[in-house]
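Each chain is listed here by its residues.
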Amino acid sequence: MLLVKLAVLSLVLLLLPHQGVSLDIYAGADARFTWPTSSSCLIWQFGISNQNKDDFVSSGVLMGWFQDLSKVLSTPNDTDTTYKGRVYFYGDFTRCSGVVEIRNASVVHEKPYLVKIRTSSSPLSPSASWDLNVKDPPEITPIQNTTVREGETITLICAVAGNPTPSVSWSKAGSGHSTGGNVFTKAGATKADTGQYVCTAVNTVSGNTQTRTASTYVMVKYKPSIISSYPGQTVNETIDFLKLTCISDGYPAPTSTWSRDGLVVSLTSVYYSNSVTRSEAGTYICTATNEMGSDTTTVQVTVNCAKNESEPFVRSSESFFAAADIISVDKYVGEDARFTWQSNNYLEFEFGISNAAQDDIVLGGNLIMWSRGSLLSTPNTTDVFYRGRLYFYGDPSPSADSKHFEIKKVTVQDEKVYLMIIMDPTSRVFTALRAWSLTIKGNLLLMICIFRGEVAQCN
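The structure reproduced in this document is the subject of the present report. (Residues numbered from 1 in each chain as written. Predicted model: local features only at pLDDT ≥ 70, side-chain atom pairs only at ≥ 80, totals over all residues. Heavy atoms only, no water.)

## Brief notes about the sheet that holds strand β29 (residues 361–371)
As summarised here, the arrangement of the six strands in space is β26-β34-β33-β28-β29-β30, forming an open sheet in which the pairing is mixed. The outermost strands of the open sheet, each flanked by one partner alone, are β26 (326–331) and β30 (374–377). Mean inter-strand twist for the sheet, computed between neighbouring axes without regard to direction, equals 25°. Bridge analysis of strand β28 (residues 349–354) against strand β33 (residues 417–423) gives five bridges, and the strand direction is antiparallel. Paired with Phe 349 across the strands is Ile 422, a residue of β33. (Pairing = 2+ DSSP bridges. Helix = DSSP H or I, 4+ residues; strand = E, 2+ residues; numbered from the N terminus. Axes fitted to C-alpha atoms, helices over the stretch in contact; angles between N-to-C directions.)

And the structure:
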């Protein structure tokens, strides 16, 4: 009686649905099915299971072996593009032990699978089953760049797909902080909110974590702010130049103009006068404007003129340099002319062709300049005479070290007076430092005279 009851129980258990093992992988990964060893294996088969996990579906056997067969048989038919060439066996097929692998699995392989084994002591029956679940790593839809106006709300949306559902967060590049969720919002946008924002999506399958990111750039439009400032400027009539530069910040990039006493005198951020006249004295206003608004700054310019207007105005020797400061440089044709100087008290310098008074560089005569840490050779692109022949040696930044300019392979056309001017760090006004009279041997010497004079502020 006991044997009969055990036989009935075994039959009932055999007929009950088999509980499959859940096997989760990412799409594109290899699905591996492993089952235990049997010491008396006669036949084993692996394939697509029915829902009860007790038999294969019709034509569902994918691989198998039976006793005395010297190899494992792969059984998908020739027209089966889903499994053919994808199913592999690893292990000891004679002991019904090993691993079946479906390579590069996709959602079409998301099915229940079964292995059936026959031993010397049992019929062909289910030994193990699996439910293959093919998951998807995160996928982020590309995010367009965004432009907002100052004070508006920034809204960024990260559209993410994936299985299981990914966790999503936003962060601003370089901030070290992140905000959870697909939607990022920031009220009251400011200039500081301009920058790159990154959406990060993460999901995990069977301990394997996949991360995807996408970035977007946010531009915040804000009104101009003028960041350059000048003290009152005092210049000398006729012999000095006047240069006012208006540096501003804003987005979109501001346009700047200069006006004097209500009249526009420059449609750019720079006002420049090569030879100042008394009519240029007055109050100058720089206005920087964009679609978000405007900003202004004011500079008062004073022009000094000679007391006796019937005599030509010349610079006082006390305010410039004496004749002894003009250095004679004599060279033969084809030699290199070198102009040596030193100073540690300037913000900028320029080297070029001197005017007749040796107090400024003639218009268009700039040859080398150092400004805002950049050393430039400044002849225009059509100047075939000096271009490519100018060199600077030494440290261009303020220092007491000797430095020099050089004109390579001089000709008689180089026979000119050359001038070095520097910007005083306190007054921010250019003054002459040194002049050189270059003479090509065989030509007449250039005679230079500097006269004394007195200055007075123009009414």
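## Quick look at the sheet that holds strand β6 (residues 87–92)
Overall, antiparallel pairing links the three strands, which are arranged β2-β7-β6 in an open sheet. In the strand order of this sheet, the two ends are held by β2 (31–35) and β6, each with one partner. Direction aside, the axes of adjacent strands within the sheet are offset by 15° on average. As defined by bridge partners, β6 adjoins strand β7 (residues 97–102) across six bridges and the pair is classed as antiparallel. Paired with Phe 89 across the two strands is Val 100, which belongs to β7.

## Observations concerning the state of the cysteines
As enumerated under the stated definition, the model contains two disulfides in all. In this model Cys 158 forms its disulfide with Cys 199; the gap between the sulfur atoms is 1.9 Å. Its S-S torsion of approximately -85° makes the covalent link between Cys 158 and Cys 199 left-handed. With Cys 158 in the loop between β11 (154–157) and β12 (160–163) and Cys 199 in strand β16 (residues 195–205), this residue pair connects regions lying 41 residues apart in the sequence. (Disulfide = S-S within 2.5 Å.)

## Observations concerning the layout of surface pockets
Any empty space left between the atoms is revealed when a probe the size of a water molecule rolls over them. Size it by volume and the largest pocket reaches roughly 630 Å³. As for the largest pocket, its lining consists of 30 residues, of which Tyr 230, Lys 243, Met 423, Arg 428 and Phe 430 are closest to the centre. When residues of the lining of the largest pocket are traced back to their parent elements, those giving at least two are β18 (233–236), β19 (242–245), β29, β33 and β34 (430–440). Ranked by residue count, the leading element in the lining of the largest pocket is β18, at four residues. (1 Å grid on protein atoms, 1.4 Å probe; cavity = no way out; pocket = protein on both sides within 12 Å on 5 of 7 lines; lining within 4 Å. Points joined across faces, edges and corners; volume = space filled by probe spheres on them.)

## Section: the packing of aromatic side chains
Scanning all chains against the criterion turns up 29 aromatic pairs. Relative to Tyr 272, the ring of Phe 241 has its centre 5.6 Å away and its plane inclined at 35°; by these criteria the two rings are tilted. Here Phe 241 is found in the loop between β18 and β19, whereas its partner Tyr 272 is found in strand β23 (residues 270–273), with 31 residues between them in sequence. Since its relative accessible area comes to 14%, Phe 241 is described here as buried. Each member of the aromatic cluster is reached from another via a ring pair, and the members are Phe 339, Trp 341, Tyr 346, Phe 349, Phe 351, Trp 370, Phe 392, Phe 405, Tyr 418 and Trp 436. (Phe/Tyr/Trp six-rings, centres within 6.5 Å; stacked < 30°, edge-to-face > 60°. Buried < 20%, exposed > 50% of the residue type's maximum accessible area, 1.4 Å probe, protein only.)

All quantities given are derived from atomic positions and should not be read as evidence of function.
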